[in-house]
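Given next are the chains, with one letter for each unit.
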Amino acid sequence: MSRDINNKFWNEELETLPRAELEKRQLEDLKEIVKFAYDNAPYYKRSFDEAGVKPEDIKTLKDIEKFPFINKKTQRDTQGVGSFLGELAAVPEEEVVFISTSSGSTGVPTMSPFTKKDFDEFQDTESRWFWQIGMRPNDRYVHALNFSLYVGGPDVIGAQNLGALCIWGGTLPSERLLFILKTYQPTVIWTSPSYAWQLGEKAVKAGYDPKKDFNIKKIIVAGELGGSIDATRKAIEDLWGAEVYDFYGLSDIFGACAAQCEYHDGLHIAENHILVETVDIHTGEVLEPGQTGELVFTTLRKHARPLIRFKTGDIGRIDITPCKCGRTHGRIHILGRKDDMFIVSAVNVFPSDIEAVIREQSGITGEYLIRIFEKDFTNKYAVEIEKTADNTKSDDEVAEQISAALKARTGVKPAKVIVHPDGGLNTRSEHKSRRVIDERKIDYSI
Ligand SMILES: [Zn+2]
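If you're wondering where the values come from, they're calculated on a predicted model, not measured in any experiment.

J.: In this structure, what is going on with empty space enclosed by the protein? I would like to understand it.
T.: Gaps between atoms show up when a probe of the same size as a water molecule is rolled over them. A complete count under the given rule lists one cavity of 30 Å³ or more for this structure. Of the voids in this model, the largest cavity is the one considered here, and its volume is about 70 Å³. Contributing to the lining of the largest cavity are Gln-75, Thr-78, Gln-79, Leu-85, Gly-86, Glu-87, Leu-88, Ala-89, Met-111, Pro-113 and Arg-305. The set of elements that each furnish at least two residues to the lining of the largest cavity consists of helix 4 (72-78) and strand 2 (111-115). Split by residue class, the lining of the largest cavity holds five nonpolar, four polar and two charged.

J.: Got a minute to help me understand the coordination of the zinc ion in this structure?
T.: In a perfect tetrahedron of four donors around a metal, the angles come out at 109.5 degrees. In a perfect octahedron of six, they are 90 or 180 degrees. The coordination sphere of the zinc ion, as far as protein atoms go, consists of Cys-261 (SG), His-268 (NE2), Cys-323 (SG) and Cys-325 (SG), spread over 2.1 to 2.3 Å. Classification of the site at the zinc ion as tetrahedral follows from its four donor atoms and the range of 101 to 116° in their angles at the metal. Positions of the donor residues of the zinc ion, expressed as sequence spacing, correspond to C-x6-H-x54-C-x1-C. With a gap of 62 residues between them, Cys-261 in the loop between strand 8 (258-259) and strand 9 (267-269) and Cys-323 in the loop between strand 12 (310-319) and strand 13 (331-337) connect regions that are remote in the sequence. No difference in accessibility class separates Cys-261 from Cys-323, as the two residues are buried.

J.: Would you explain the sheet that holds strand 7 (residues 243-248) in this entry?
T.: What holds strands together in a sheet is hydrogen bonding between their backbones, with the strands either parallel or antiparallel. As summarised here, the arrangement of the 11 strands in space is 4-3-5-6-7-8-9-13-12-11-10, forming an open sheet in which the pairing is mixed. Each edge of the open sheet is held by one strand with a lone partner, namely strand 4 (165-167) and strand 10 (274-279). The strands touched by helix 6 (residues 155-162) are strand 3 (140-143), strand 4 and strand 5 (188-191); relative to strand 3, the strand with the most contacts, the crossing angle is about 170°.

J.: Hey, could you run me through the side chain of Thr-298 in this one?
T.: You can see Thr-298 is positioned in strand 11 (residues 293-299). At 2.9 Å, the side chain of Thr-298 forms a polar contact with the backbone nitrogen of Arg-309. Setting aside residues no more than four positions away along its own chain, Thr-298 makes contact with Leu-30, Ile-64, His-273, Ile-274, Leu-275, Leu-307, Ile-308 and Arg-309.

J.: Honestly, the pairing of strand 6 (residues 218-221) in this entry has me stumped. Any pointers?
T.: Successive side chains on a regular strand alternate, one facing one side of the sheet and the next facing the other. Residue alternation in strand 6 divides its side chains into two sets, Lys-218 and Ile-220 and Ile-219 and Val-221, and both sets are buried. Sheet analysis places strand 5 next to strand 6, joined by four bridges and oriented parallel. Across the sheet, residue Ile-189 finds its bridge partner in strand 6, namely Ile-219. In this view, the connection linking strand 5 to its parallel neighbour strand 6 by way of helix 8 (residues 193-205) has right-handed handedness. The pairing of strand 6 with strand 7 spans four bridges and is classified as parallel. Paired with Lys-218 across the strands is Glu-243, a residue of strand 7. Handedness of the β-α-β unit built from strand 6, helix 9 (residues 230-240) and strand 7 comes out right-handed.

J.: What exactly am I supposed to notice about the sheet that holds strand 17 (residues 378-387) here?
T.: Across the sheet, which stays open at both edges, the four strands sit in the order 18-17-16-19 with mixed pairing between neighbours. Whereas interior strands pair on both sides, the edge strands pair on one side only; in this sheet they are strand 18 (416-421) and strand 19 (436-438). Strand-to-strand twist of the sheet, defined as the mean angle between neighbouring strand axes without regard to direction, takes the value 20°. Helix 10 (residues 351-360) rests against strand 16 (364-375), strand 17 and strand 19 of the sheet, and its axis sits at about 145° to strand 16. Along the sheet face, helix 11 (residues 395-410) touches strand 16, strand 17 and strand 18 and points at about 130° away from the line of strand 17.

J.: Can you walk me through the nonpolar core in this structure?
T.: The nonpolar side chains of a soluble globular protein tend to be buried, and buried together. Membership of the largest hydrophobic core comes to 42 residues, with the highest contact counts inside it found for Val-34, Tyr-44, Tyr-248, Phe-297 and Ile-332. For this core, the secondary-structure elements that each account for two or more residues are helix 2 (19-40), helix 3 (42-51), helix 5 (116-132), strand 9, strand 10, strand 11, strand 12 and strand 13. In terms of residue count, the dominant contributor to this core is helix 2 (six residues). The contact partners of Phe-297, leaving out residues within four places of it in the chain, are Tyr-248, Leu-250, Ile-253, Ile-269, Ile-274, Leu-275, Val-276, Leu-307, Ile-308, Arg-309, Phe-310 and Thr-312. Ile-167, Leu-177, Trp-197 and Leu-199 belong to the second-largest nonpolar core, a separate cluster that totals 24 residues.

J.: Before we go on, may I ask you to explain the packing of aromatic side chains in this structure?
T.: Each aromatic ring pair is characterised by the separation of its centres together with the angle its planes make. Evaluation of the coordinates by the stated rule reveals 20 aromatic pairs. Look at Phe-48 and Phe-67: their rings are 4.9 Å apart centre to centre, the planes differ by 80°, and that puts the pair in the edge-to-face class. Of the two residues, Phe-48 sits in helix 3 while Phe-67 sits in the loop between helix 3 and helix 4, which places them 19 residues apart along the sequence. As far as the burial class goes, Phe-48 and Phe-67 line up, both buried. Taken together, a centroid distance of 6.2 Å and an interplanar angle of 50° make the contact between Phe-130 and Phe-247 tilted. You can see Phe-130 sitting in helix 5 and its partner Phe-247 sitting in strand 7, a full 117 residues away along the chain. Residue Phe-130 is classed as buried on the basis of its relative accessible area, which comes to 0%. Judged by its relative accessible area of 3%, Phe-247 falls in the buried class. If you follow Arg-3 out to its NZ or CZ, it ends over the ring of Trp-131, 5.8 Å from the centre. Stacked on the ring of Tyr-368, the Lys or Arg Arg-435 has its end atom at 4.7 Å from the ring centre.

J.: Just checking my understanding: could you explain the pattern of salt bridges for this structure?
T.: Should their charged atoms come close, side chains of opposite charge can pair. The final tally for this structure, using the stated rule, is 35 salt bridges. Across the pair Glu-367 and Arg-435 runs a salt bridge, and its minimum N-O distance is 3.3 Å. Residue Glu-367 is found in strand 16, and its partner Arg-435 is found in the loop between strand 18 and strand 19; the two are separated by 68 residues along the sequence. In this structure, Glu-367 and Arg-435 share a single accessibility class: buried.

Calculation criteria
Residues numbered from 1 in each chain as written. Predicted model: local features only at pLDDT ≥ 70, side-chain atom pairs only at ≥ 80, totals over all residues. Heavy atoms only, no water. 1 Å grid on protein atoms, 1.4 Å probe; cavity = no way out; pocket = protein on both sides within 12 Å on 5 of 7 lines; lining within 4 Å. Points joined across faces, edges and corners; volume = space filled by probe spheres on them. Helix = DSSP H or I, 4+ residues; strand = E, 2+ residues; numbered from the N terminus. Nonpolar A, V, L, I, M, F, W, Y, C, P; charged D, E, K, R; others polar. Donors = N, O, S within 2.8 Å, 3.2 Å for Na, K, Ca; no water. Tetrahedral: all angles 85-135°; square planar, octahedral: opposite > 155°, others 65-115°. Buried < 20%, exposed > 50% of the residue type's maximum accessible area, 1.4 Å probe, protein only. Pairing = 2+ DSSP bridges. Contact = heavy atoms within 4.5 Å. Axes fitted to C-alpha atoms, helices over the stretch in contact; angles between N-to-C directions. Polar contact = N/O pair within 3.5 Å; in protein donor to acceptor, adjacent residues only side chain to side chain. Right-handed = clockwise from strand over helix to strand, strands pointing away. Core = buried A, V, L, I, M, F, W, Y, C linked by side-chain atoms within 4.5 Å. Phe/Tyr/Trp six-rings, centres within 6.5 Å; stacked < 30°, edge-to-face > 60°. Lys NZ or Arg CZ within 6 Å of the ring centre and 35° of its normal. Salt bridge = Lys/Arg side-chain N within 4 Å of Asp/Glu carboxyl O.

See below:
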């Protein structure tokens, strides 16, 4: 590799483009992709015609607001229609080299096709994130993500292209993974935040000191919100003696579309690939940068299946003010999934707020479960937690401590805090942990 390892940027010119230049490039790509989608994807031809809009209507970036939204349901309804790849696809199947599929946790799995160029640009973007967190060719990297169908699997190629020594760990049993950490002394690992925490706990229980017996310097987390919750990130960092970086991906686009830099203040999103809008969660009205709403993405360069105004279902905001690191691409702050948000006493509550409280409190393990239910026709929530074995307080005292902290942070007291002994909750998992149980019978979806 001829790249200068002391340069903090993977692609300095791209990452530090003045915003006016970045937006100029976005506009060029937007014009091209909207026309390409209209000319080649039957769904867009139909929906643009129905909405009375044409690709030529795009004269500025704001003109995207005239175009109709799509969402997960659009993908499901059009997949397999007319051809194997469906009506959102804009290239014939022979140009497609890879498909990933979503987990299907919220319905029929949706697939995401890539052309060779789409895939190469995907991996170049992943190399950029790895470089951004400080990975260099002399690092040893364990990719401990699911390889089966999941879009995050191939991200390991981005690390290989950067020159790191890559270990395709996948979802190994934790004993095997700990053996690898001990024997091969890797320096970087990527997994989910809950698994990073649980693996550290298992290591301690197995007699290892994660700070001394392993050589992990950086932990990448994604798939859950923990990496953006300061208290959770700090807890994982303290356990491992390593720096934690949050990544954000979408099965519909890239394994990671955005990543934290060394300042950990939001996640830089690849604005050369994604045009970000924020819209009101109720009305769809477009909001200003900095305002919180549902994130809507338009993919600017993916030709196999362009996404024009895709409602992601994620609630957050984008900050386009300059970052101290020198990168000009905006930073997204995610609050949570629209589906996970619930309203108690007219207050919007995100599970991430509750997690932030749980991870900050002493005397509890950090494991938790949230139950949302209804009583007297209003929403209530209960939180189940675990007391650590060495906590001498009574269960009632612990419940009162957590209840008060939750009230202070979210504005609404939980209906109940149930205290279990250490290990009493069945929330530890090797993949994504299920932490919210919705017991409501009325549909409160927004
Ligand atoms: Zn930055």
